[in-house]
Each structure stands twice: as C-alpha cells, then as structure tokens.
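Examination of the molecular architecture
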2 protein chains.
Amino acid sequence: MRAEVIGIGTEILLGQIANTNARWISERLAGIGVDVLHHQAVGDNVERIADAVRLALSRADVVIATGGLGPTQDDVTREALARVAGVPLERWPELEERLRARWAATGREMPASNLVQADVPRGARVIEPKRGTAPGLVLELEGRRVYALPGVPAEMEEMMEGTVLPELAALAGPAALVSRTFRCVGIPESRVAELLDDLFRAGTNPTVAFLAGGGEVQVRLTAKAGSREEAEGLLAPVAEEVRVRLGDVVYGEGETSLEEVVVRLLTEARRTLATAESVTGGGLGARITSVPGASAVFLGAAVTYDVAAKRTVLGVPGTVLEREGPVSRDCAAAMAAGARALFGADLAVALTGAAGPEPHGGAEPGLVWVALEAEGVRHQRSLRWPGDRSFVRRLAEQAALDLVRRHLLGLPLPG
Amino acid sequence: MRAEVIGIGTEILLGQIANTNARWISERLAGIGVDVLHHQAVGDNVERIADAVRLALSRADVVIATGGLGPTQDDVTREALARVAGVPLERWPELEERLRARWAATGREMPASNLVQADVPRGARVIEPKRGTAPGLVLELEGRRVYALPGVPAEMEEMMEGTVLPELAALAGPAALVSRTFRCVGIPESRVAELLDDLFRAGTNPTVAFLAGGGEVQVRLTAKAGSREEAEGLLAPVAEEVRVRLGDVVYGEGETSLEEVVVRLLTEARRTLATAESVTGGGLGARITSVPGASAVFLGAAVTYDVAAKRTVLGVPGTVLEREGPVSRDCAAAMAAGARALFGADLAVALTGAAGPEPHGGAEPGLVWVALEAEGVRHQRSLRWPGDRSFVRRLAEQAALDLVRRHLLGLPLPG
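Source: prediction; values computed, not measured.

Conventions and cut-offs
- Residues numbered from 1 in each chain as written.
- Chains lettered and ligands numbered in written order.
- Predicted model: local features only at pLDDT ≥ 70, side-chain atom pairs only at ≥ 80, totals over all residues.
- Heavy atoms only, no water.
- Helix = DSSP H or I, 4+ residues; strand = E, 2+ residues; numbered from the N terminus.
- Expected span 1.5 Å × (residues − 1).
- Contact = heavy atoms within 4.5 Å.
- Buried area = accessible area lost by both parts, 1.4 Å probe.
- Salt bridge = Lys/Arg side-chain N within 4 Å of Asp/Glu carboxyl O.
- Nonpolar A, V, L, I, M, F, W, Y, C, P; charged D, E, K, R; others polar.
- Domains from an automatic or database assignment.
- Axes fitted to C-alpha atoms, helices over the stretch in contact; angles between N-to-C directions.
- Parallel < 35°, antiparallel > 145°, perpendicular 65-115°, else oblique.
- Left-handed = near helix turned anticlockwise from the far one by under 90°.
- Buried < 20%, exposed > 50% of the residue type's maximum accessible area, 1.4 Å probe, protein only.
- Polar contact = N/O pair within 3.5 Å; in protein donor to acceptor, adjacent residues only side chain to side chain.

Let's talk about helix H10 (residues 258-269) of chain B
Residue and element names in this part refer to chain B. Across its 12 residues, H10 extends 17 Å between first and last C-alpha, which sits within 8% of the 16 Å expected from 1.5 Å per residue. For H10, the secondary structure elements touched by its buried residues are strand S12 (250-253), strand S13 (273-277), helix H11 (283-288), strand S15 (347-353) and helix H15 (389-409). Looking at the residues trailing H10, positive phi occurs at Arg-270, about 50°.

Structure follows, in structure tokens:
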C-alpha cells in the first residue's frame, strides 16, 4: 500500500512552522509497513489544495492531509475535498449540535463562523474529535481513500492513533517494518559506503541507507515483512554483518548520542573525567554536561583560550609554547596532564587547534591536536579537516569524545 | 517571482527526520519577497526526483532542491537533474582536484566513490562549498532556474546566504519588501507585545511580527512597496518608534547574535573577559569563542561542575559551599571573583544553578545565579525559570552575556 502526505497551511510555505506532522505521520506509516513516496505542502487555497489531492490520488492508494479544518475563513480543506469529489458540502445537524453544546459548556457565545466545522462533503465519513472541535473527514474516491485531519499535532495524532492507523493496518493486512540504526564516529561516510557497497546494492529488503552530519555517519537498515517477527528475521543477519564490517567505529544505536555513551561508560567504569579546551572554548564540556547525571563523572573543564592561560592555569611549559606553539602535540599533552592534575580526575582529554578562519599559533585553519591522559596512558593525535569554524570545532569534540570512548572500552587508539 | 522547494531523501519519507530545510528556505525566501506556493519531498530515486523537478518547473520560476549530493550510492540528485535537462554528467577536473587536495590535507586516502561529487550536468553552474565537500548545482532550463543544494543544513544555509538569496534578490528586481529585525534580551515576549500592541494592530504596512526563542525575542518589521526606497520610507518612522519603545533591551539587529555583540563591545573597550561556569558546563565559553576574533578579548573559562572544584580551582570558601550551597548568591560571586583572578581578566561572569531534571545542591530545577565582577563592580542576580535542561542552560547563558553587555554599555544592571 502506498500513501502520500499533504500538509495544508500557508504558515508552512512562509516557513513560520516546519511540517512536523508529515514526519510524525510518515514514521507511523512506516511502522505498519505502508510506503510513503511523496510529501506535499500547499497553502490555504481551495484550487491548489484540490490539485494537490488529485495529484496524490493519481499515485497513491491513501492520502493523508493535515490542516485547514478550523473555523476561520482560511480553513478551506472541506471545500477543496468537496470539489475533488464533485459533491456539495452538507451541514450535519449532530455535528452542529455538538459544537453548540461544547460552546455552551464554556459559557461563551459561539461565533457563527464556527458552524463551518459541521460541514461535510456528501458521502464522506467523519472522525469525531476527542480533543479540539474540528472533525476529521474520510472520503472514498475510486477505490482510493483520503483522510483529512486537523493541523494541530495533538488533534492529528489522536485521530491517527485512534482511527487512521488501525484502519490502514487492517487494509494493509499483516505487515511490519523494522529498522535499526548504527551510529559511527571516526570514519568518513564514503568509507562506510564502500564497506557496505554490496549490501547497499543487493539491499531491497532490508534496505541500507546512509546519513552523515555532525561529524558522524548513521547507517540505517530497514526490513519489511508480513509480520514483525519475520521482518526482524530478515534484519538480524544483515545487521550482524553490518556490525561486523563496521567494527568498533560503531559507538551506539538509534537515538544515542556520543556524549551519552561517554557518560554511561564513565559511570559504569566509576571513572571521573576533566577536559582542557582551547579551540572548542568549552563546547566539549557543554556537550558532556548536557547529559543528565553527568555530574557524577564529569569534574570540570579548564578552557584556556588565551595562550598565557595555558601556562598559568594548566602549567603548560613556556618552552613548549615558544618552541612548538599552542597548537602542537606537546601542548595538547601538557594541557591534558594539567587538567587531570587540576581537577584530580582519573581521565583528562585536551583539545587545541586552529578553528579558522585565520591561522592560530602558527597553525593552519583546520589543524587540531587531541590528547588523552589517564593512569599509564598518554596518547595524542592530530586532525586536519579544513572546514568552517563550527565544523572544525564539532569534529574536534567528536575526536575527543571518541578517544575517551575507545580508551574506556580498551580499543586501539587512532594515531 | 514564484519558488518551489523540494526535499530529497528517503529518510524524510520514512519520518526519520523532519524537512526543516524547507522551513528555513521558505522563511528566507519570504524575507526577500519571493512567493513559495508548494513544497515537495521525494526519496532517493532518480525517476521520482526528476518528476518532482519537472512538476516544480511547470509552476514555479525557481526550484530549490536540497539533498542527494553526497558521495554515496543513494545520492542521485546529480543524475536526476541531468535527466531533466537531457544532458550527460561531466566530471570537472578542478572539482576532482579540490576533492583530492582536501583529502590529501587530511592525510587519509580518498575512497574513489567520492569522485562522483565532481560530476556536473553539462551546462550547469557550480556553487563552491565552503563547508563540506558537496558542490551546489545551478541549472537554467527554459528561462527557469533550478538550484540543487546539500541536505546538511549548515552546508545548505551557507550556499543560500552566500549565493542563492543574493541572486534571487537581484532577479526579483528593485526589492519591494524591506525588513528590519530588532533582537531583544531580558524581556518576555508578552511584554514586548504589550509595548507594541497598537502598532501590531494598526500594522498592515509595515507589518509587525514577534518571534520568541532561544531566550530572546525578535521583533520583525516588514514594509512592502513598489521600490526599495519607498518601502524604506514606510519602514523608517515605525522602526524608530519601535526602537524607542523597546529601549535598551534591544541588543542588536538582523542576524547579530548576543555573543557577537559582547565580543564587539569588549574589543571596542579593550577589556578582557573570563567566565566561571557550572550549570552551563562550558556552553557560555563555547558561544563566546564561536565568534571569530574572540581570542583577542576572551581569556578562558573555569568550568567547575564538581562542587569540590569550585573550591580548589576557583577558591570558593568551603563555608559558602556548606552554608549557602553551590547554587547561591555568595557562591556565584566567589566564582566570578575566582575566575577574574585565575585568568587575570578585566571582567568575569559566573553561572551556577540547577538545570534539572533533578534538584542540585539544594536548589530546585530552574534556579540560576549569575554574578559579574569587574573593577569596582560586584553584581549578582538570580533567575528562576523551570523548563527543560537545555532551556535553563540557554537562559543562563543569555543572562550572563546580557550582564556583560549592560555593564560595558553603562546601562543599569537588572537585580
């Protein structure tokens, strides 16, 4: 079964709101094995809404539209649907009654305009609203089905859960879609793609998709079958193969963030962490402390942005700063050692680099040194990835978090 | 001029991500008076992408597509555009060169698959990426224009700001739409709305709009007229009136950020700043150092997340920590004094609080103390705004930055 999602509302086209309803609906449809091949968004215009619905009906079995069912002049979805179906709008007495009763309950007088919410295209079915006042509408057109739902997310979700999804699940027969997402750090997207190339090409079921951003790569596997068990059966061996091929660059699955993994590993190992930051200016500490419970394992950060502060606060030898410069292996190592001593932490990780756009401390933009110090461990590595300032900083944070992760897991540390 | 926005990526149709690029692009297009009548989203499928572009070209003057320009097998936007234009893909030596150079700079071997990012439909123009590695593409088709931009928001936004918006503004001819945005901090949206209520009601031209978020309120005035001069003439008197009514809560205009204003004021005053952070974990320093040139005025941050570190690193008296607790006026004041001494800075600002979800140091979630110390100035204030963890942290950063701003401008400091 193929579905198409239409977002109705000029506020979407003006960019005043994101069409999050489309994301929510698509995710739920995927969950019951319904394919979504297109999204559309149109403004509050009868003709354009009608055209969008016609287009969707030409290529999908089910159309789910959200928005334009309210009481104001710009809520014209009812009219557009009547036009597509070639039928008049009819005012349902029972809906009018319910509206009047609802307003009476508030003790306020109902603006007459509200009565349009009792108008229904002839032959349509109504989904009673549990929240809000706008009923949902269901039309059957040449064996295809159109659902029109309110744009208010809570009202839309309630009708999806209560009516639309159960009906579609029944229509679709037993079907299930199961996904797994592996999150990778320290490997370029193109390298991930190479490692999984044959699976990607073979992969119709389960499918393999890549998503890169924020200094990491996500690999998503999605299997589809008649039942959840069957889909999981199809997914398991491929997921295992992917996991093996990617190896230890996989830091987690699903929605887990790298900082969450680091905080969890520190907590499990009962180890404390401190950071020394220059290029990131505190961004590493900010990410670690964004995780609830970080206070049990994160002691603090020495952000020594100024060169002199590297000496006075972290005890980086003046000779290192003069000979090697503030963006150097020795400076990073001394910063890590200094932070570990300053906070009395089990582990310390340090970052120093040139974020750009200008060179810094004799280093070209994009050069970053990362150092880890723990009992019996002193490791340093450099990254060089010319990019814009925020990207260089993000990559630096990723490298530092990954160094801590790999150390706590006893994995080889990248040189 | 009419534009249409197409989001490309199966992850959008699976509901794994919301198509936030469409919202961002639409908002910017509205800002330069370009109408957006439709959004579409399609998966990583050559034929469906080509159909979507053809449909968009049939009803819009400009088509902006995002996604599908990466190096992996599912990035097929280049191919789809070539198909729509009826031209072959050609590998540009200079783009290949740039890719190889970029990889060489990282010291890693470039997977051959990356070279597809050097493929360009014959006759297309290229937008050089400042971030990332994927070039944007520009095609002219029967007097209409197609822009293909990367799906990674930061890369897309950079090309929109740097190339697409300026080009479209020029095409749109004498801009009929002129906007000014005032950015306010330290005042609730409802209070801003009160102050400007009559203008808001009167305001058809220029219109007055409010946008709250990230611990600040933006007031956007938009005037529409036949010529830019005319629109500016309509805007000027209202803008002046708004500016007067809002007074010193306006920290800047347009895209200026509060951290940029603080760095600029510090630079002009030739003063240095250090921070002491607990609740924000380094987020304040990260924001300040996100501004190019911050190194001239920002010395560093002492992130004393651990209670003991407040004593050992910043010298907060044990008696204060025991009697008043780590989230208190005296602790914040001592942290500011400690940071100023530690870094030898002219100014220091400190943040300590309970971000939640749990109480911290005897303080309820949402309570934050902010302290400023400068020569002859010791000021503290508290905020209480129960919200989610990241919102409390953001508000704390805003309060600290605003305290520095007001001090440097000689404005009264909020109690």
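Picking up where we left off.
Here's the deal with the interface of chain A and chain B
Taken together, the 71 residues of chain A in the interface contact 68 residues of chain B. Between chain A and chain B the total buried area reaches about 5,500 Å² when both faces are included, carbon and sulfur atoms providing 60% of it. The largest per-residue losses of area from chain A upon contact with chain B belong to Leu-13, Tyr-305 and Trp-385 of chain A, which jointly make up 11% of the total buried on that side. Run the count over chain A and chain B and you get zero salt bridges. Taken together, the residues that form the side of chain A that touches chain B break down as 36 nonpolar, 21 polar and 14 charged.

Remarks on the domain arrangement of chain A
In terms of domain boundaries, chain A breaks down into domain 1 (2-172), domain 2 (176-253) and domain 3 (258-409). Centre-to-centre, using C-alpha coordinates, domain 1 of chain A lies 35 Å away from domain 2 of chain A.

Here's the deal with the packing of helix H3 (residues 46-57) of chain B against helix H4 (residues 77-85) of chain B
All names here are of chain B. Packing of H3 against H4 leaves a shortest axis separation of 8 Å and a crossing angle of 55°. With respect to each other, H3 and H4 are oriented oblique. Between H3 and H4 lies a crossing of right-handed hand. Side by side, H3 and H4 meet where Val-46, Glu-47, Ile-49, Ala-50, Val-53, Arg-54 and Leu-57 of the first sit next to Thr-77, Glu-79, Ala-80, Leu-81, Arg-83 and Val-84 of the second. Its residues placed into classes, the contact of H3 with H4 shows eight nonpolar, one polar and four charged.

Comments concerning the packing of helix H2 (residues 20-31) of chain A against helix H6 (residues 153-172) of chain A
Residue and element names in this part refer to chain A. Between H2 and H6, whose axes approach to 11 Å, the crossing angle comes to 25°. Viewed along their axes, H2 and H6 adopt a mutual orientation that is roughly parallel. Handedness of the H2/H6 crossing: right-handed. Contacts from Asn-21, Trp-24, Ile-25, Arg-28 and Leu-29 of H2 reach H6 at Pro-153, Met-156, Glu-157, Met-160, Glu-161, Leu-165 and Leu-168.

Here's the deal with the side chain of Arg-287 of chain A
Residue and element names in this part refer to chain A. Its place among the elements puts Arg-287 in helix H11 (residues 283-288). Under the relative-accessibility criterion, Arg-287 is labelled buried at 9%. Within the structure, Arg-287 has its side chain in polar contact with the side chain of Gln-398 (distance 2.6 Å). If we ignore the near neighbours within four places in the chain, the residues touching Arg-287 are Leu-258, Glu-259, Arg-394, Glu-397, Gln-398 and Leu-401.

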